[in-house]
Amino acid sequence: MSTIVGIDLGTTNSLVAYMDGKEPKVIADREGRTLVPSVISVDDQSWIVGEQARQRLITHPKTTVYSVKRLMGKGLADVGEECKYFPVFLSEKQPGVIQVEMGKYRLTPPELSALILKEVKQRAEEFLGSAVTQAVVTVPAYFNDSQRQATKDAGRIAGLDVLRIVNEPTAACLAYGLQKKKQGVIAVYDLGGGTFDISILKVKEGIFEVLSTNGNTHLGGDDLDQRLMEWVLREIEQEFGLDLQKNAESIQQIRLEVEKAKRRLSGEDLTEIVIPIKTGAVYRRPLKRVELESLVNDLIDLTIGPCRQALGDAHLSPQDIDEVVLVGGSTRMPLVRRTVQEIFHQEPHCEINPDEVVALGAAVQADILAGGIQNMLLLDVTPLSLGIETMGGGMSVLIPRNSTLPTNAKELFTTFADGQRSVDIHVYQGERELVKDNRSLSKFQFRDLDPLPAGMPRIEVNFTIDANGILQVGAKDLRSGKEQSVEVKPSYGLSDEDVTRMIEESFTFAKSDMDARSLIEARNEAATILRHTERALKQGEPLIEPEERNRIQEQITALKKAMEGDNHRLIREWIDQLDKATIHLAERLMDSTLQIGLKDKKLSELP
Ligand code: ADP
Ligand code: MG
């Protein structure tokens, strides 16, 4: 069996990991480098990806792109202001699909990301000595459905079957084995090259739930480099009277140098920046860690607000956080660690390399999918409830929202009309009580039922969702054993905003929905009980006294009258009255084959 790899497709850097026995490991290239800069450049006829492309950012600005991740799953309108950060020209191929113009090529973001994926795929194949065709790829927790879909598309273009898209903070937790905690709340602080993300997750019995996310889409190591670079440029101007602002090549050179110095200062207290200048002179500057810290302190402080906001959104205070996990290359800086400690009043986890931790977690998830890690629950949950339509347009939920995958559920249903030969199984997704407010996923007709009186057939409907989120819906006639099933894709085409909106609406509308649904249910139940009672009355007439018959008849009239109104409580009351009035009759019919389930109210009815 071939290995399923885990891939962190990052804004700044990408990397690939695999499971080496029980331990996840990042795969390095021949030179021992693990990170692949997420930069793509085009030469006359070939593509250059990674470190070499990064070197061309300044020399070939019109044919080199970075930060493609920011464009995934977006149209030009979604990118808006951000356009100005891209030195390459962006246009729209079709509404909602961006096209990046690089020399004579025009490529969509998934195609560009696919080039990065191909690079890491190839690296993994070389290392593992076999073809790699399946992967788990990580995305930020806030990515919506189309961004996730675009990421999947990128995988497909690169020849990778993306078995699972995993949230980056969830992957980081997996790398730390936090799924083994019975329960807890985890803050994942991710400061990368160009983005800052804070996610608050809840883990319970191996399942992660994102409670809140926040961050800053333009804050990261790049900003620190920029700060340091501007400072160096000023010093060069003062010392040598040279203005290098407009000199693209010098700028690039200085940027690369200060970035290296910044990294060194995460491990040392003092370093030296050395930059040869064209005139033959050399700029030399010892730089202390404390100097760097005072230079960028305000930028790091910008992460405090989003953390507080995320805590607030999750209705938590720092004391409620059980663990803090550091992710992203910039969290290697001691200043960042101190800031995180101040925010959450505890020492963050940093035992695992913060720029590898996401890829390592993706490899753990890949191993779970491959079945390597036993006795561990899968980590996805259904974002919305799944159910079927019952008589009158009610939603009967089989699998509630936030159920762990894989999962299955069954429930019994029956027919509404006498002699019904088929029932409609109409599958819906959503939180509202009436199907008209939910999203229709699929519909099929379950045919060839034996014609029986209403309420007699026992139809078992079962829902099964596999690890990939594919829903299978089946129906079985328990009398005849006949079965039928369809496959439904539950979340395709539904954006995260849709999901969020649908969940929010369900809270707003909960009360009126409940009333509407209760009324439908009460009327349905009343109709059923009336039909059954009237029939029972006919069949059982010789068995009871005329007074009893009249009493039941009165109750029937009262219930019919209540059904015309819209008070479901009143209908229920008369159902109960009628129920009581027919106990004796039901008993008399008990022995006979005419017993038709007067008391059987558990079954819902299918149209
Ligand atoms: P992304 O998730 O955005 O792809 P990474 O997690 O790979 O990014 O982080 C890249 C950033 O981390 C860069 O800005 C880089 O300069 C910074 N970085 C990497 N190593 C260090 C270090 N030792 N000290 C400080 N910053 C670092
Ligand atoms: Mg990252």
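Structure first, text after, so check above.
Criteria and cut-off values
- Residues numbered from 1 in each chain as written.
- Chains lettered and ligands numbered in written order.
- Predicted model: local features only at pLDDT ≥ 70, side-chain atom pairs only at ≥ 80, totals over all residues.
- Heavy atoms only, no water.
- 1 Å grid on protein atoms, 1.4 Å probe; cavity = no way out; pocket = protein on both sides within 12 Å on 5 of 7 lines; lining within 4 Å.
- Points joined across faces, edges and corners; volume = space filled by probe spheres on them.
- Helix = DSSP H or I, 4+ residues; strand = E, 2+ residues; numbered from the N terminus.
- Nonpolar A, V, L, I, M, F, W, Y, C, P; charged D, E, K, R; others polar.
- Near = heavy atom within 4 Å.
- Polar contact = N/O pair within 3.5 Å; in protein donor to acceptor, adjacent residues only side chain to side chain.
- Areas by Shrake-Rupley, 256 points an atom, 1.4 Å probe, with all protein chains shown as cover.
- Salt bridge = Lys/Arg side-chain N within 4 Å of Asp/Glu carboxyl O.
- Buried < 20%, exposed > 50% of the residue type's maximum accessible area, 1.4 Å probe, protein only.

Trainee: Looking at this structure, I do not really get empty space enclosed by the protein. What am I missing?
Mentor: Taking a probe equal in size to a water molecule and rolling it over the atoms shows the remaining empty space. On inspection of all chains with the given rule, the structure shows four cavities of 30 Å³ or more. Within this model, the largest cavity holds a volume of roughly 80 Å³. Lining the largest cavity, in full, are Pro140, Ala141, Tyr142, Glu168, Pro169, Val188, Asp190, Asp197, Ser199, Thr213, Val327 and Val358. Mapped onto the lining of the largest cavity, the elements with two or more residues apiece are α5 (168–175), β13 (183–191) and β14 (196–204). For the lining of the largest cavity, the class distribution of residues is seven nonpolar, two polar and three charged. Empty space within the second largest cavity amounts to approximately 40 Å³. Lining the second largest cavity are Leu9, Gly10, Ser38, Ser67, Val68, Lys69, Ser113 and Ile116. Within the lining of the second largest cavity, the residues separate by chemical class into three nonpolar, four polar and one charged.

Trainee: Please clarify how the site of ligand 1 should be interpreted in this entry.
Mentor: Around ligand 1 there are 17 residues in total, and Thr12, Asn13, Glu259, Lys262 and Ser266 lie nearest to it. Thr11 places a polar main-chain atom, nitrogen or oxygen, 3.3 Å from an oxygen atom of ligand 1. Separating a nitrogen atom of ligand 1 from a side-chain N or O atom of Ser266 is a distance of 2.6 Å. A total of 580 Å² of accessible area belongs to ligand 1 in isolation, and the protein chains cover 92% of it. Elements with a minimum of two residues in the shell around ligand 1: α6 (221–240) and α7 (248–264). If one sorts the elements of the shell around ligand 1 by residue count, α7 sits on top with three residues. When grouped by side-chain class, the residues that make up the shell around ligand 1 number one nonpolar, 11 polar and five charged.

Trainee: Any chance you could explain the pattern of salt bridges here in plain terms?
Mentor: Should their charged atoms come close, side chains of opposite charge can pair. The full count for this structure, using the stated rule, is 29 salt bridges. Between Glu126 and Arg30 there is a salt bridge; the shortest N-O distance is 3.1 Å. Here Arg30 lies in the loop between β3 (23–26) and β4 (36–37) and Glu126 lies in helix α3 (residues 109–128), a separation of 96 residues in the sequence. With a shortest N-O distance of 3.2 Å, Arg432 and Asp437 are connected by a salt bridge. Using a relative accessible area of 10% as the deciding quantity, one classes Arg432 as buried. Look at Asp437 and you get partly exposed, because its relative accessible area is 22%.

Purely geometric numbers; function is a separate question.
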